[in-house]
Every structure is written in C-alpha cells, then in structure tokens.
Amino acid sequence: MNDDFLHTHRKSPGPGFASRLHQQLQQTKAPVVGPMLAQPRRVSDALMRIAAVFVLLLGGLVLRLNMPDDQSLTQIEPIPASGDPQPITLTNASQLVEMSRLGRGSISHIAWGGDRIAVGGALGVWLYDASALSEDPRLLPGTHTLVTRPVDYNLPSDQVVAVDGETVRIWDAATGQQRAAFESATGATFGSVGLSADGSLVAAGESRYDDARQAHSLTVWDIDTGEQRFTTNQQTPAFGVAFSPTQPTQFAFVGAEAVAMHDLLSGTVWTLSSAQTGNLMPSLAYSPDGSTLAVATETGFMLVDVAHGDIVQSITLGDEDSTPHIVDLAFSPDGYVLAIADQHNGLSLWNRTTGVFSIENASSGAAGEIISSVAYNQASDDPVLASVRDSSVLRFSGNQDTTIRDFSPPVLEFALGPDNGIIATSGADDLIRFWDLEAGVERRMPSQRTQVTDLAFSPDGELLAYSGTIIEAGSLGSPVTTDGGVTLVGVALRQPVRQVGDPNASYLALAFSPDGTALLAADAASRTIQRWHLGAAETNDRVAGQSVIDNASARLIAVRPDGEQIAMLMEPGVLVLRASEPTGFLNRVFELSPNRIYTLFAYSPDSTRLAMAARTGTTSTVWVWDMTANEQLSQLAYTTNTDTISSLSFSPDSSLIAGVVADEGLHVWDAATGSLLFQVSDPYLASQHVAFTADGRGIVSADADGLIRLWGIPGR
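Per chain, residues are indexed from 1 in the order of the written sequence. Note on the predicted model: pLDDT of at least 70 is required for a residue's local features to be given, and 80 or more for side-chain atom pairs to be given and counted; whole-chain, interface and lining totals, by contrast, use all residues. Processing note: side-chain calculations cover all non-hydrogen atoms of the structure and skip hydrogens and water entirely.

1. Observations regarding the overall build of the protein
Comment: elements are numbered from the N terminus, with helices defined as DSSP H or I runs of at least four residues and strands as E runs of at least two. Of regular secondary structure, the protein possesses 3 helices and 59 strands. Under the scheme applied here, a residue whose accessible area is under 20% of the maximum for its type counts as buried, over 50% as exposed, and between as partly exposed, the area being computed with a 1.4 Å probe on protein chains only. Out of the 716 residues belonging to the protein, those deemed buried represent 60%. The long-range share in the protein, meaning contacts at least 24 apart out of those at least 6 apart in sequence, stands at 51%. Method for areas: the Shrake-Rupley scheme with a 1.4 Å probe, in which residue coverage is limited to the protein chains shown. A total accessible area of about 26,200 Å² is found for the protein, and carbon and sulfur atoms account for 49% of it. Contacts: residue pairs with any heavy atoms within 4.5 Å of one another.

2. With respect to the environment of Ala637
Within the element layout of this structure, Ala637 appears in the loop between strand E52 (631-635) and strand E53 (645-650). Accessibility expressed as a relative area gives 39% for Ala637, which makes it partly exposed. Between the C-alpha atoms of Ala637 and Val622, which are 15 residues apart in sequence, the distance is 8.1 Å. When near neighbours in sequence (up to four residues on either side) are disregarded, Ala637 contacts Trp669, Gly674 and Leu676.

3. What about the packing of aromatic side chains?
When two rings of Phe, Tyr or Trp (its six-membered ring) have centres within 6.5 Å they constitute a pair, described as stacked for plane angles under 30 degrees, edge-to-face for angles over 60, and tilted for the intermediate range. All told, the structure shown has 14 aromatic pairs when counted by the stated rule. Residues Phe190 and Trp221 carry aromatic rings whose centres are separated by 6.2 Å and whose planes lie at 85° to one another, so their mutual orientation is edge-to-face. Placement of Phe190 in strand E13 (residues 190-195) and of Trp221 in strand E15 (residues 218-222) is noted, with a sequence separation of 31 residues between them. As far as the burial class goes, Phe190 and Trp221 line up, both buried. Here Trp350 and Phe357 contribute two aromatic rings whose centre-to-centre distance is 6.2 Å and whose plane-to-plane angle is 35°, an arrangement assigned as tilted. An aromatic cluster is defined as three or more aromatic residues linked by ring pairs; in this entry it consists of Phe230, Phe243, Phe251 and Phe253.

4. Side note on the sheet that holds strand E21 (residues 280-286)
Only when DSSP finds a minimum of two bridges between them are two strands counted as paired. Strand order in the open sheet formed by 4 strands is E21-E22-E23-E24, with antiparallel pairing between adjacent strands. Unpaired on one side and paired on the other, E21 and strand E24 (310-316) mark the two borders of the sheet. On average, adjacent strands in this sheet sit at an angle of 20° to one another, irrespective of strand direction. Bridging between strand E22 (residues 292-297) and strand E23 (residues 300-305) involves 5 bridges; their strand directions are antiparallel. What counts as an axis is a line fitted to C-alpha atoms, over the stretch in contact for a helix, and the angles between N-to-C directions run from 0 to 180 degrees.

5. So, the sheet that holds strand E51 (residues 619-626)
Across the sheet, which stays open at both edges, the 4 strands sit in the order E49-E50-E51-E52 with antiparallel pairing between neighbours. On the outer flanks of this sheet lie strand E49 (596-603) and E52, each paired with one strand and no other. Strand-to-strand twist across the sheet, computed as the mean angle between neighbouring axes with direction ignored, equals 30°. Pairing between strand E50 (residues 609-616) and E51: 8 bridges, direction antiparallel. Directly across from Met612, in E51, lies its bridge partner Trp623.

6. Comments concerning the environment of Ser392
Here Ser392 shows up in the loop between strand E30 (385-389) and strand E31 (393-397). Separated by 286 residues in sequence, Ser392 and Ser106 have C-alpha atoms that sit 5.3 Å apart. Aside from chain neighbours lying at most four places away, what touches Ser392 is Ile107, Ile404, Arg405, Asp406, Phe407, Ser408, Pro409, Asp429 and Arg433.

7. Digging into the pattern of salt bridges
Any Lys or Arg side-chain nitrogen located within 4 Å of an Asp or Glu carboxyl oxygen qualifies as a salt bridge. The tally for this structure, following the rule as stated, stands at 13 salt bridges. Linking Arg104 and Asp136 is a salt bridge whose minimum nitrogen-to-oxygen distance equals 2.7 Å. You can see Arg104 sitting in the loop between strand E4 (97-102) and strand E5 (107-113) and its partner Asp136 sitting in the loop between strand E7 (124-129) and strand E8 (138-141), a full 32 residues away along the chain. Taking relative accessible area as the criterion, Arg104 reaches 2% and is therefore assigned buried. Asp136 gets classed as partly exposed once you look at its relative accessible area, which sits at 38%. When the shortest N-O distance is used, the salt bridge between Asp224 and Arg179 registers 2.5 Å. Highlighted residues: Asp224 in the loop between E15 and strand E16 (228-231) and Arg179 in strand E12 (residues 178-183), separated in sequence by 45 residues. Note on Arg179: relative accessible area 41%, which makes it partly exposed. When salt bridges that share partners are traced, they join Glu98, Arg101, Asp703, Asp705 and Arg709 into one network.

8. A look at the nonpolar core
Definition used in this section: a nonpolar core is a set of buried Ala, Val, Leu, Ile, Met, Phe, Trp, Tyr and Cys residues joined via side-chain atoms within 4.5 Å. Ranked by internal contacts, the top residues of the largest apolar core, which has 19 residues, are Ile110, Ile117, Val119, Tyr128, Leu394 and Phe396. Contributions of two or more residues to this core are made by E5, strand E6 (116-121), E7, E30 and E31. The biggest single contributor to this core is E5, with 3 residues. Residue contacts for Val119: discarding those within four places in its chain leaves Ile107, His109, Ile110, Gly124, Val125, Trp126, Tyr128 and Leu394. One finds Leu96, Val680, Leu685 and Phe692 within the second-largest nonpolar core, a separate group that totals 16 residues.

9. Topic: the pairing of strand E17 (residues 240-243)
Burial along E17 is two-sided: the face carrying Gly240 and Ala242 and the face carrying Val241 and Phe243 are both buried. Where E17 meets strand E18 (residues 250-254), 4 bridges bridge the pair, whose relative direction is antiparallel. Each bridged residue has a counterpart across the sheet, and for Phe243 the counterpart in E18 is Phe251. Hairpin connection of E17 to E18: 6 residues between the antiparallel strands.

So far we have only geometry, and geometry alone does not tell us how the molecule works.
In structure tokens, the structure reads:
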C-alpha cells in the first residue's frame, strides 16, 4: 500500500484539477447522488460551542445513515465550550484554535481479510464488518488528519497497520488497542506500509512526496520486540512495499530506480534496475501463492518470478493518447485475475490465463469515478473486489454490488451562506454537499453529477447558484460531459427552481449583485461577463470582457459590496476593475508587467480595500489596495513566498484577512500593515478555502481532507 494517488491534495488544486480527475473509463451500479439544500438557520453563538474534534476522535457520536435522500448523513453531537466565543480581533487573532470539525473526511486506501475491512481515512482507520456492511464502522484514530493514509491488515494476527505522518501505528483490530508505534529515523513522512504473513513484522517506506528529504528509506521492525530488522541504504529509496503471503520473512519493495526482493531468513536478494524494467511506479502485489510479483511501470505492469527475479511478462496499457498511471494492484484469491487501478484509464481486470482485459461494467451508470485503492478478500473464495472511489465511496463489486457513501472527498469549490448557517461544497465525486453548521449535519439530494466550476449564495441566503459540466455515462462507460449552464436552487425548497443562461455554455465564475436582484457569470466561450436580472425571465445584459487583452476570458469575478464596481480576473493573469453598469468605463487595470500574473482577489466588506494575490516567476505576493486613495496599503507577510495563495477572505470589519497558503495552511493577517498574526502549525492540514463568519467570531475552512473546520477563540 502506498500514497501515490492523492499526494497532490496536500497542495491546493489548480484550475485544471477537477477536469483531470475525470478522464476515466469506469462506472457504477449505485444510484447517482447530487445536490441537496438544508433549511437555512440563523446561527447563534452556540455555533462556536461545539468541540467535534474530540467527538470524531472518539468515533462513537458520529451517526451514519445509509443514503436517505432528505436526511443527514453525518451528525456530530455538540459539546459545550467554556463560554461564548470571542470576536476575532487584531489583538487576539494569534489565539485561534480549531473549535469544531464536521464530517468524516476523505478515504484513500483499503485492505481486506476475512470479515475485517480496514479503510485508511483522514481521521484514522475505519474498521468495517464485511458480514454487516450496513453497520457503523469503528474508528482507530490517528494523531494527524491525513489526505492519504496507507493501510494494511493481517488476518492471522488480527492486526491493522497504518501511516500516521512520521509514525507507523499497529492496532489490535479486535480491541482497538494500539500494539506498537514506530517513528521515522529521519523525521520524514511515511508513504507505504505492510504486515508480514504471520503478523510479526511491519515494513514502512518513507514518502516519495516528502520533498524536504533526499533519502527515502524502507525499514522493517519486529512488532513484539521493536527491533529494527532491515533498512535500505540512503541511495535506494523505497516507495512501495509488500510482504509475501507465504513466506513471513520475505518482502518486496519498489523505488524510482529499482524493484527488489529480500528474505530476512534465507538471505535471498535480487534487484531489477529501471534499466531492465523501464520506469517504475510505486505499486506492487504478490500472487496468493507467493510465486509471482506484479509491479506497475510507467507503461503498464510486469510479472516477475519471485524465486529468480526474472521478468516473465510485460504488459503495455493505454496508447499514445492515454498513458497509464497505476496507483494500486491486487490479485484475486485464486490468482487468475489482476485488478488494476489506473488514474488515467479507470479500473480494469486482467485474466492471466487468457490475457484478456475487461473494463468495469459500462452499464453501472456513474462515469468518471477515480479509483485510488483496490483489494480482494484473500480469506474467501468469492472474488468480490473492494475499491475506494472519489476519495469518499466504498464499492464492493461481485455477484451483488454494494456501495457505501460514508465519507466526503477533498473540497474543490466552497461557498459560505450569509447567515453562517449553511456551507455549500463540491468535491472530486461531482456532488454538491450542504453542511448545516448549527445542526452539524450534511445533506444531499438525488441529481446528476456535476463537475462544478463555481458556487455562490444570494445575499439573503435563499438561493444557491452553481455552474459546471454535467457528467454522464457514455455507451462504452467512458464519461460524457456536457455544459450545464447555471442552476438556481431554492434553499427552502431544496431543489432547483430555475435555469439561467445558455444550457450549452460553459460558465467559469458566478457573483450575485449586493442587492440580490442580478446574477453575473463569466462565459468561457464568448469571453464575456453575462448578467441576468432575476426578476425578469428573459433580460440578459452582456458586459464585454475582451477590452483589455485579446483572447482572454474571466475565470473569477466579484461585485464590490457597495455595488459600484465589478472585478474580473482575466486570463492570462490580468486584474480588471470596471464600473458595475455596462458603460464600458474602465476604472483600473492591474497589468502583467513585470511578469506579474494575478491569481486571486477579494473585496473588503466596507468596499475600501482590495486584496490581490499574484505570482512573479516562482514568488507569490499578496497586496492590499486602498480603493479610496488608489494606492497600495500593505503587503502580506508569510514564511514561504514560493507557495501559491488559494483563498482570501476579509473579516466583517475589514481589519483582518484570512487566507490559505499552499503547504502552509490557514493564515490571518492585519490588513492595514500586512503583519502575520496567525498561522496553522499542523504540517498535515491542507486547507482549500476559508471565509470569515458574518458575526466575526469564526473562520470556516474547507479542506483537502474532506473535513469542514471552524476556527475561533474560546470564551473565558
């Protein structure tokens, strides 16, 4: 088991991220689930009194309901904090803490033996009973919340092992008690784990994506004694590891330069270099009888004779238009079928006897799912294949398919309602989720899957607008995408109430006017800003978006809170400010020169300030512009100016700015001076979006681990 698939989620996705996630060739028999809106609620100070961090770690108060259309899927019991939360100010922003957490987060890896199914997720390892999948899983909590958590399970010893940052943890699956923990000698993050056939040994490889480390070693420990039995030298990095199912002391590991086998008892060792194999991928799997090793390569996979280290067969997948990126491999219990999870081409099954490939059933109905991990039950003769899809779905494919949707994927798009009560998000599974912060629930309703490009609440919170591309199944199972225009959803009714715009147009960004009477959208094809007066059925004003740079299109728009100005972020990185009325009057253009590419902006609620993020070469900078004096007010300070800024939000009084710095997480600055007041210290927390609550007492973050967090300052 390795961390290859979802490592990019530790950084904020770029504009093309969602599109790249959906070039797959697989489907599902599960019903498609889409947006649902919760009833709006005015949130009181009780919003900040929940301490769901502890609830989630305990795991016992999280309620799982199996896919009802109009009910919560995740509920967290509030735990009162000590007093009302304080308003976040310049003087106390440094005291921010994570006060509550919504959801179960994402999942990435799966292991299966007998009735135990271990699922590596953001919060730890979830244990399912395979004979009672409808029952709530148990949580073995990790210390860190992780986007990827490689996991393995050993049936004879009934042990679970999982990565927990720079630590490997082993639990007794029956009792949930931790048996042992081993730390990285270099402080590096682990990215792969495995248990020996008898459960006496554990192996862990340091992550290939820990860029701060040049060495990526593999270590094997004796679980009972803690003795280190083996380690690779610093010049032989190991990114994936697997133990032999028949020889407890034998294991194989793969790195960028070689794949190797080592037996601690016999001393047998062989190595195949990349010169012999071609470029390698960090995925490998033993056949059930231990005689064959399947290893992923850059062009497909190969089978290796374990006894001699000879390549017996090499298989090429894809073609020049669709190269593979294999993230996991698993043999069926009889050893005749190899399941291949391919990030570019979906899930396929290869029959070793006939050499025939089969793609997952094209009639199952949900195209474009992303598969990150696959596993068979090696203790059963029934060839049921388990898989993790879209970082949030468990699917069991066999004589009778079963789908479990207990989790939430990394957040790609985000909007906070004006009354703080409702959050709308969309993720890698193309579903829109609505989170009720006061009730602590997540709701959805059936609809088509939509690859969302933007979400926006109306100022009164009664409507949600979303734009995007509809994902449907093609005749051969490949995803078919069609532009879906803009949909308005009534919060009170929890259902679409109106379509606006051209249903065949691709809209990249949305913004309501401050009074809620108009909706603006950036049309990618016509390179215009379109405006609809929501009180009239046909009215459609067009504001030109081409006047500054030819062949440019707006990918982010906003209306200044006073309604007097529209800001447009134009490709390839020019920020344009125009009067809100379609007069063509040009207020301000922030040019590319000198090689400056603007990436993000945000207005202050009092309309006096504009925060602008830009890149110059490899350096990122954020300025605060004084709209009244028409000059720079400050430049925000942060530790690593090579990291991009993915989200900006002003506090209600315009004095503070919250933002997300890639790989550095949530930051809070003094808007007037640019001084850094707060920075999240957890290196594993990768936030995607942030927003201040309307009362100024909280900051909401929507994160790459699929969780919604609320930050605040506890009352005294």
